[in-house]
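Summary of the model geometry
Residue strings, one per chain:
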Amino acid sequence: AYPVFAVMFVYGLVQLARRQDAAGATPERVRRVLLRRNGVLVVFGFLHAALLYFGDFLAAYGLAGMMATAVLLRRGDRVYRVVLWAWGISLVYVAVLSGVAAYQWQWGNGAPGAVDAGAVPSLVASSYVDSARARLSEWPLHTLTVLPFVMIVWLGMWGARHRLLEDSGAHRRLLKIIAAVGLGI
């Protein structure tokens with residue numbers, strides 16, 4: 001669900017940028033609006049993590065949106081080709097990790113052990129205040145582990161650039177391929 005939301009989230013950012021452009025906003029004004037909106041997501045994410053659960057994703061999406069705004073918005077096709085290379089390298093990395101995991105499962109120590117619930121102090125804290133204190137130290141690391149979503153965010157920007165959803169009839173074949181591959185994965 002997170003990758004689908006990331007694609008749709010940034011698709012909406014591109015739509016918002018287009019709407020701002022159509023209203024006559026300068027590129028700098030559009031960038032400020034997007035950065036401010038994503039900054040609000042980071043603040044809400046921090047509050048959610050501090051008050052309820054360290055595994056918040058709002059801040060991560062806000063940071064990914066800020067990165068996308070700064071790095072990908074209004075860029076040419078060359079930037080999108082670089083990201084394709086990064087996706088290729090990521091796929092190789094995942095394949096290698098999968099091979100290592102399969103090898104260890106088959107010829108190593110067997111199945112992995114159970115995850116220790118004590119590894120997440122906020123979940124086993126004895127009071128709300130202790131859990132909030134623990135969440136504030138857990139949240140930044142969790143948020144950073146989600147930042148690679150910027151790779152998925154790129155896909156949403158690419159789709160929005162090509163208006164895949166607004167003109168779905170013209171992109172029917174590509175959308176069918178994306179659906180088949182996406183569901184297959």
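Worth saying up front: this structure is predicted, and the values here are computed from it rather than measured. Note that residues are indexed from 1 along each chain, following the sequence as it is written. Only residues with pLDDT of 70 or above have their local features reported here, since the model is predicted, and side-chain atom pairs are shown and tallied only from 80 upward, although totals for entire chains, interfaces and linings are computed over all residues. Only hydrogens and water are set aside; all other atoms, that is, all heavy atoms of the structure, feed into the side-chain values.

Focus: the side chain of D56
Note on conventions: DSSP H or I runs of at least 4 residues are helices, E runs of at least 2 residues are strands, and numbering of each starts at the N terminus. Mapped onto the elements of the fold, D56 is located in the loop between α2 (27-51) and α3 (58-71). Polar contact is the term for a pair of N or O atoms within 3.5 Å; when the atoms are in protein, one must be able to donate a hydrogen and the other to accept it, and sequence-neighboring residues count only if both atoms are side-chain atoms. A polar atom in the side chain of D56 sits 3.1 Å from the backbone nitrogen of L58. We call two residues in contact when some of their heavy atoms are within 4.5 Å. With residues near it in sequence (within four places) discarded, D56 still touches G45, H48, A49, W139 and H142.

Looking at the pattern of salt bridges
What counts as a salt bridge is simple: a side-chain nitrogen of Lys or Arg found within 4 Å of a carboxyl oxygen of Asp or Glu. Counting across every chain of the model gives three salt bridges. Between E166 and R18 there is a salt bridge whose closest N-O contact spans 3.1 Å. Here the residue E166 occupies a position in the loop between α7 (150-161) and α8 (172-184), and R18 occupies one in helix α1 (residues 2-22), the gap between them amounting to 148 residues. R133 is the salt-bridge partner of D130, the closest N and O atoms lying 3.0 Å from each other. One end of the pair is D130 and the other is R133, both in helix α6 (residues 128-146) and three residues apart, which spans about a single turn. Partly exposed residues are those whose accessible area sits between 20% and 50% of the maximum for their type, while under 20% is buried and over 50% is exposed, using a 1.4 Å probe and protein chains only. Classification of D130 by relative accessible area gives partly exposed; the value is 31%. Since its relative accessible area comes to 55%, R133 is described here as exposed. By sharing partners, the salt bridges in this structure join R18, R163 and E166 into a single network.

Points about a positive patch on the surface
Taken together, the side chains of R19, R29, R32, R36 and R37 define a basic patch exposed on the protein surface. Here the element with the most residues in the positive patch is α2; it accounts for four residues. Counting through the fold element by element, R19 comes out in helix α1. Like charges are joined within 9 Å and nonpolar side chains (Val, Leu, Ile, Met, Phe, Trp, Tyr) within 5 Å, but only among residues with over 30% relative accessible area and no salt bridge; these make up the patches. Computed by Shrake-Rupley with a 1.4 Å probe, the accessible areas treat only the displayed protein chains as cover when residues are assessed. Positive charge is attributed to Lys and Arg, negative charge to Asp and Glu, and no charge count is given to His or to the chain ends. The atom standing in for a charge is NZ when the residue is Lys, CZ when it is Arg, CG when it is Asp and CD when it is Glu.

Re the packing of α3 against α6
The N-to-C vectors of α3 and α6 enclose an angle of 50°; their axes lie 9 Å apart at closest approach. Between α3 and α6, the angle is such that the two are oblique. The hand of the α3/α6 crossing is right-handed. Contacts between α3 and α6 involve A59, A60 and L63 from the first element and W139, T143 and V146 from the second. Residue type decides the class: Asp, Glu, Lys and Arg count as charged, Ala, Val, Leu, Ile, Met, Phe, Trp, Tyr, Cys and Pro as nonpolar, and the leftover types, Gly among them, as polar. Tallied by class, residues from the contact of α3 with α6 come to five nonpolar, one polar and no charged. Only C-alpha atoms enter the line fits that serve as axes; for helices the fit covers just the stretch in contact. Angles between N-to-C directions range over 0 to 180 degrees. Under this scheme an angle from 65 to 115 degrees is roughly perpendicular, one under 35 degrees roughly parallel, and one over 145 degrees roughly antiparallel; angles in between are oblique. We call a crossing left-handed when the near helix sits turned anticlockwise from the far one by less than a right angle, and right-handed when that turn is clockwise.

Section: the packing of aromatic side chains
What characterises a pair of aromatic rings is the spacing of the ring centres plus the angle enclosed by the ring planes. Within 6.5 Å between ring centres, the rings of Phe, Tyr and Trp (the latter by its six-membered ring) count as paired, and their orientation is classed by plane angle as stacked under 30 degrees, edge-to-face over 60, tilted in between. Under the defined criterion, the tally for this structure stands at six aromatic pairs. Both rings, one in F5 and one in Y61, keep their centres 4.9 Å apart while their planes meet at 70°; by these two values the pair is edge-to-face. You can see F5 sitting in helix α1 and its partner Y61 sitting in helix α3, a full 56 residues away along the chain. The interplanar angle of 70° and the centroid separation of 5.3 Å between the aromatic rings of F46 and W139 together place this pair among those described as edge-to-face. Placement of F46 in helix α2 and of W139 in helix α6 is noted, with a sequence separation of 93 residues between them. For W139, a relative accessible area of 12% gives the class buried. Here the aromatic residues F5, F9, F57 and Y61 are joined through ring pairs into a cluster of three or more.

A look at the environment of Y2
If you trace the backbone, Y2 turns up in helix α1. You can call Y2 partly exposed: its relative accessible area is 42%. Spatially, the C-alpha atoms of Y2 and Y61 are 9.6 Å apart, while their sequence positions differ by 59 residues. Each residue touching Y2, except ones within four places of it in the same chain, is listed here: F57, Y61 and F149.

Here we look at the side chain of R135
Of note, R135 is situated in helix α6. The side chain of R135 sits in the buried core without any salt bridge; E138 is the nearest counter-charge, 6.6 Å away. At 3.3 Å, the side chain of R135 and the backbone oxygen of L51 are in polar contact. Excluding its chain neighbours within four sequence positions, the residues that come into contact with R135 are A49, A50, L51, L52, Y53, F54, S122 and Y128.

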